[in-house]
Amino acid sequence: MTTLTPEQQARRRIDRQLEEAGWIVQSMSELNPAAGRGVAVREYPTDSGPMDYLLMVDHQAVGVIEAKRDDEGHRLNAVELQSARYATSSLKHLGQVALRFVHEATGEITRYTDSRDPKPRAREVFQFPRPDTLAQRLKEPETLRARLTHVPTLQPHGLRDCQLHAITNLEQSLGENRPRALIQMATGAGKTFTAITSIYRLLKFSQAKRVLFLVDTKNLGEQAEGEFHQYIPQDDNRKFTELYTVRRLTSSHIPDDAQVIICTIQRLYSILKGEPLDEATEETVPDGAAILRKPPLPVIYNARIPPEFFEFMVIDECHRSIYNLWRQVLEYFDSFLIGLTATPDNRTYGFFQQNVVSEYTLEQSVADGVNVDHRVWRIDTEITQAGGRLEAEELVEKRERLSRKKRWEQLDQEIDYQGTQLDRSVVNPSQIRTVIQAFRDGLPQMFPDRVDDDGAFQVPKTLIFAKTDSHADDIIRIVREEFGEGNEFCKKITYRIDEDPKSVLASFRNDYHPRIAVTVDMIATGTDVKPLECLLFMRDVKSRNYYMQMVGRGTRSLDADGLAVVSNAARGPKQEFILVDAIGVKDSQKKETGSLEKTPSYSQKDLMNAVTMGVRDEEVLSSLSGRFARFAKRLDAEQQRQVKDLTGGASLNDLAGQLLKVDDPDAIDAQARKHFNLTPNETITSTQWDEVRKQRAQQACAPITGPLNTLLEDIRERQEQTLDTVNIDTVTHSGWDRDLDTQRAHLRQEFEQWLQSHRDDITALTIYYAQPQRRAEITQQTIAALLASLKQERPKLAPVKIWDAYAALDDVQVKRPEQELAQIVALVRRACGWDDKLTSYADTVRANFKKWIFAKHAGNQTKFSPEQQAWLEMIRDHISTSLHLEINDLDYTPFNDKGGRGRMYKLFGDEMEKVIDEINDALAA
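A brief look at the structure comes next. (Residues numbered from 1 in each chain as written. Predicted model: local features only at pLDDT ≥ 70, side-chain atom pairs only at ≥ 80, totals over all residues. Heavy atoms only, no water.)

### Let's talk about the nonpolar core
Of all hydrophobic cores here, the largest spans 55 residues; its most connected members are Phe751, Ile783 and Leu872. The element contributing the most residues to this core is helix 31 (residues 820-831), with seven residues. Contacts of Leu872, omitting those with residues within four sequence positions, involve Phe849, Trp852, Ile853, Phe864, Phe908, Val915 and Ile919. (Core = buried A, V, L, I, M, F, W, Y, C linked by side-chain atoms within 4.5 Å. Buried < 20%, exposed > 50% of the residue type's maximum accessible area, 1.4 Å probe, protein only. Helix = DSSP H or I, 4+ residues; strand = E, 2+ residues; numbered from the N terminus. Contact = heavy atoms within 4.5 Å.)

### Here's the deal with the packing of helix 32 (residues 841-857) against helix 33 (residues 866-882)
Packed helices, taken two at a time, are described by the angle between their axes plus the distance between the axes. Between helix 32 and helix 33, whose axes approach to 9 Å, the crossing angle comes to 150°. Taken together, helix 32 and helix 33 sit at an angle that is classed as roughly antiparallel. Helix 33 is crossed by helix 32, and the crossing has right-handed handedness. Each of Tyr841, Ala842, Val845, Arg846, Phe849, Trp852, Ile853 and His857 in helix 32 lies in contact with helix 33, whose residues at this interface are Gln869, Leu872, Glu873, Arg876, Asp877, Ile879 and Ser880. Split by residue class, the contact of helix 32 with helix 33 holds eight nonpolar, three polar and four charged. (Axes fitted to C-alpha atoms, helices over the stretch in contact; angles between N-to-C directions. Parallel < 35°, antiparallel > 145°, perpendicular 65-115°, else oblique. Left-handed = near helix turned anticlockwise from the far one by under 90°. Nonpolar A, V, L, I, M, F, W, Y, C, P; charged D, E, K, R; others polar.)

### Re the sheet that holds strand 23 (residues 462-465)
With mixed pairing, the seven strands of this open sheet are ordered in space as 24-25-23-26-27-17-29. Every interior strand has two partners, whereas the edge strands, strand 24 (490-492) and strand 29 (731-736), have only one. When the angles between neighbouring strand axes are averaged without regard to direction, this sheet yields 20°. As paired elements, strand 23 and strand 25 (residues 516-519) share four bridges and run parallel to each other. Within strand 25, the position partnered with Leu463 by the bridge is Ala517. Against the sheet, helix 15 (residues 429-446) makes contact with strand 17 (373-381), strand 23, strand 25, strand 26 (534-537), strand 27 (576-581) and strand 29, and its axis sits at roughly 140° relative to strand 17, the strand it touches most. (Pairing = 2+ DSSP bridges.)

### Overview of helix 20 (residues 604-612)
Taken together, the buried positions of helix 20 are occupied by Gln604, Asp606, Leu607, Met608, Ala610 and Val611. Note on helix 20: the residue one or two positions beyond its end, Gly614, has a positive phi of about 110°.

### Focus: helix 32
Its 17 residues give helix 32 an end-to-end C-alpha distance of 24 Å, which sits within 8% of 24 Å, the value for a rise of 1.5 Å per residue. Within the span of helix 32, buried status applies to Tyr841, Thr844, Val845, Asn848, Phe849, Trp852 and Ile853. The buried residues of helix 32 occupy an angular sector of 165° when the element is viewed end-on, so they sit on one face. Those residues of helix 32 that are exposed and aimed more than 90 degrees away from the buried face are Lys850, Lys851 and Phe854. Elements in contact with the buried residues of helix 32: helix 31, helix 33 and helix 35 (912-923). Looking one or two places after helix 32, you find Gly859, whose phi comes out positive at around 65°. (Expected span 1.5 Å × (residues − 1). Arc of directions from axis to C-beta.)

### Details of the pattern of salt bridges
Working definition: two side chains of opposite charge can pair if their charged atoms are close together. Inspection of every chain in the model, using the stated rule, returns 47 salt bridges. A salt bridge links Arg11 to Asp52, with the nearest nitrogen and oxygen atoms 2.8 Å apart. Taken as a pair, Arg11 in helix 1 (residues 6-20) and Asp52 in strand 3 (residues 51-57) lie far apart in primary sequence, 41 residues in all. For Asp114, the salt bridge identified is with Arg100, shortest N-O distance 2.8 Å. With Asp114 in strand 8 (residues 110-114) and Arg100 in the loop between strand 6 (95-96) and strand 7 (101-105), this pair connects stretches of sequence that are 14 residues apart. When its relative accessible area of 4% is taken as the criterion, Asp114 is described as buried. Residues joined in a network through salt bridges with shared partners are Arg433, Arg440, Asp441, Arg477, Glu481 and Glu482. (Salt bridge = Lys/Arg side-chain N within 4 Å of Asp/Glu carboxyl O.)

### Brief notes about the environment of Ser48
Tracing the sequence through the fold places Ser48 in the loop between strand 2 (38-44) and strand 3. Take Ser48: its relative accessible area is 30%, and that puts it in the partly exposed class. The spatial distance from the C-alpha of Ser48 to the C-alpha of Ala342 is 54 Å, given a sequence separation of 294 residues. Apart from residues lying up to four places away in sequence, Ser48 is in contact with Arg85, Tyr86 and Ser89. Among the polar contacts made by the side chain of Ser48, one reaches the side chain of Ser89 at a distance of 2.8 Å. (Polar contact = N/O pair within 3.5 Å; in protein donor to acceptor, adjacent residues only side chain to side chain.)

### Focus: the pairing of strand 25
Residues Ile516 and Val518 point to one face of strand 25 and Ala517 and Thr519 to the other, with burial holding for every one of them. Strand direction decides the pairing type here: strand 24 and strand 25, joined by three bridges, are parallel. Note that in strand 25 the partner of Cys490 across the bridge is Ile516.

### Thoughts on the sheet that holds strand 4 (residues 60-67)
The seven strands lie next to each other as 1-2-3-4-7-8-9, forming an open sheet whose pairing is mixed. Taken across any chain shown, the strands that pair with only one partner, and hence form the sheet edges, are strand 1 (24-26) and strand 9 (123-125). Direction aside, the axes of adjacent strands within the sheet are offset by 30° on average. Across three bridges, the pairing between strand 1 and strand 2 is parallel.

### Points about the packing of aromatic side chains
On inspection of all chains with the given rule, the structure shows 25 aromatic pairs. Seen in terms of ring centroids, Phe101 and Tyr112 are 6.2 Å apart; in terms of plane orientation they differ by 15°. Their pairing is stacked. Taken as a pair, Phe101 in strand 7 and Tyr112 in strand 8 lie far apart in primary sequence, eleven residues in all. The class for Tyr112 is buried, based on a relative accessible area of 1%. Counting every residue linked through ring pairs, the aromatic cluster contains Phe193, Tyr200, Phe213, Phe228, Tyr231, Phe240 and Tyr244. Lying over the aromatic face of Phe849, Arg876 brings its terminal NZ or CZ to 5.1 Å of the ring centre. (Phe/Tyr/Trp six-rings, centres within 6.5 Å; stacked < 30°, edge-to-face > 60°. Lys NZ or Arg CZ within 6 Å of the ring centre and 35° of its normal.)

### Focus: the state of the cysteines
Within the structure shown, the criterion is met by zero disulfides. Here Cys534 is not disulfide-linked; the sulfur of Cys490 is the nearest cysteine sulfur, at 13 Å. Overall, Cys534 belongs to the buried group, its relative accessible area being 1%. (Disulfide = S-S within 2.5 Å.)

### A closer look at empty space enclosed by the protein
With the rule as written, the count across this model stands at four cavities of 30 Å³ or more. The computed volume of the largest cavity comes to approximately 50 Å³. Forming the boundary of the largest cavity are Gly419, Leu422, Asp423, Gln431, Lys467, His471, Met538, Ala582 and Ile583. Here the lining of the largest cavity is composed, by residue class, of four nonpolar, three polar and two charged. Of the pockets and cavities examined, the second largest cavity occupies roughly 40 Å³. What lines the second largest cavity is Tyr768, Arg775, Ile778, Val825, Arg829, Trp834, Tyr841, Leu883 and Ala924. Here the lining of the second largest cavity is composed, by residue class, of seven nonpolar, no polar and two charged. (1 Å grid on protein atoms, 1.4 Å probe; cavity = no way out; pocket = protein on both sides within 12 Å on 5 of 7 lines; lining within 4 Å. Points joined across faces, edges and corners; volume = space filled by probe spheres on them.)

Pasting the structure below:
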């Protein structure tokens, strides 16, 4: 058998790749440019020597491929000079032709350069572009990257500052031909709106042909689709979907006529692989724990959806581990990658090449009033903290998780359980009930003004995070009982409910009922429920990002009218939400998702998902073998039969044994020698060893499928739980988080230190601290400058947070003004000692006004007429919100409705300006 040289092996791989991409590969002796639309000619002669491949489209020479052997992949940058020389050489029969599309390839790596790009730059592509693609690019007057350099300036109309900043910086990044960009934007700040605005501009101004909006759950895809349908651009009064075609994929068919395609990464992977999709995998976030550190999923070329199919890919919730599991899916496409996330980690920054075009934190969003902050209410119980004990010979109830079928059993040994085991192997109804009772009793203190017109307390919209579906069912039953309400009051929102989960979610978002929703997975991340005012954690979370995503469900702001639709007892807009911690989630140790320094604990479900998706390393197979062997002991005869039906006759013990044997070195050695006809004296190469090991792993893993995983999870759900009705729980603490006063004191101290540090360089602070005689000079402009400096330098010292800190520490019930300027004035007066306790500025102005009027009316002085008094009261109300009255203010509402400055002059004559100066000075005192 003839051994191929490395160069010949590379040429064979390149030939195959060209043919897969629709090219007809010919030698010079076979040259026939009419053989097809795209022809690749080997060893085409030029005045610089034969080029490895000449690419011809529609009889026109358009490109060149410089081929190198595999081990030269690291030096393809140096090869660019050689390929560029061929691209400008004189071609035999054709003469001087500028070859626009330049490639360097080894059969493993392919690099592509379009010489018509601004500052042409080579980029790695999965495979060669198809002839149709190059033909289309030849017709275009400018390349995509050239069009991206002159997108018109975005106007601020209808956009928040953070959205304007993100889109502007993203367009600058795209214009610089940076392949990846990350938009970090706090939950509730409008990431999807920002993305749609950007996509609209890419389609309109850069003539992008196709954009992929990638999500990792079906729910997020549906939510994004709804936002596309509602979006109206700032420069057109038609909806996005009237201007461009948007399609959310629900099958393997990808329409060619759609400009925007919404798809889950699970479905996209199945399309690329040409494999059927288990649609249940689209319901939940791909669990990356088990295969986070494993090799990426294998993806091969698919002519139906070539790498150049999408020009832009927007990756929603990109902080998740999907790009570790599915990295080849993302990198298959020759697309600009745009990530959206509220909670990036180090891997996110690394994947997007540290190109963060927008960084808008939750703290900054709270400071800007885009989102609301939260307070923590803590519920501790004895059993939550310490667990419990069931003595031997105790008669206990056993319950199947799914059927809820119960039976009695006498324990043959004692059971000691920890709080972490609650609602999994052991259920203590008293513990759940005690938490719910404490929550119910604490609500009036959390929301002291939430009383409806009939005098009854109205439970705010509340979301409870449960551990499992079984746990959720227990919670729902007890919530309904303890609140004395019916079925509509509290419902479960997960993917496994009998009702349509989308309908229940819509009711929770838009209707009065349900007041309380219980979820395990469906609305833990990414789902918008603006009226939500209370989050009750009855499950722990170890991932920092996942925890922040869950907390993000409550941060979204809502105006008074919007909140009143579902909570008519609410007085005013949503100003904060309450996080009720009944499990210690706030204090439990959090880790960065996917930290490489820690060894995660993998569940059987995780391991099976990993194997199903192509992971074959020894650690995973060995771990799964052990899980199967243990789980097999829990199966009855009927369940064993069900397993064999799905595996083609293999039991779990059989599968465990097969997995364990995959890495048996003696077996691999024997099989490799037989497969490759090696003599006892010949050494098995690493390539041969890996090939045989791969075959063995593939054969052993073949029966491990999604349906088998589903069956085993169903069996696990049907396993029995022990019901502890013996140990009665008690509350040890229910109230505001014990560290809250410390946090408030620290915030107040930071605020006062910041004010002190700027007392000499911010006019308003100079007046408040050192020159009170100038108090009349404190205007809206000077306070706005102070507020802007504070928010820019210390966003976490937002007035709303500092207000709550002072109010609690001063022990005053003073309503926080809606306007930030009024908040900051009251806070600065308190911090500088002008007020002994936190006082609403409007109340201060009213009190000062009353003193001033009394002084003006004292003795034999002329008293103001009723009309003059009415004008002075208008001025008072103006100062309470705008801090100062200027003469020009009399030309605007509300003064102009009463005749403006002309009418005031008639009332006060030449004393008008003196009165204005006096009242400005007196009310600012």
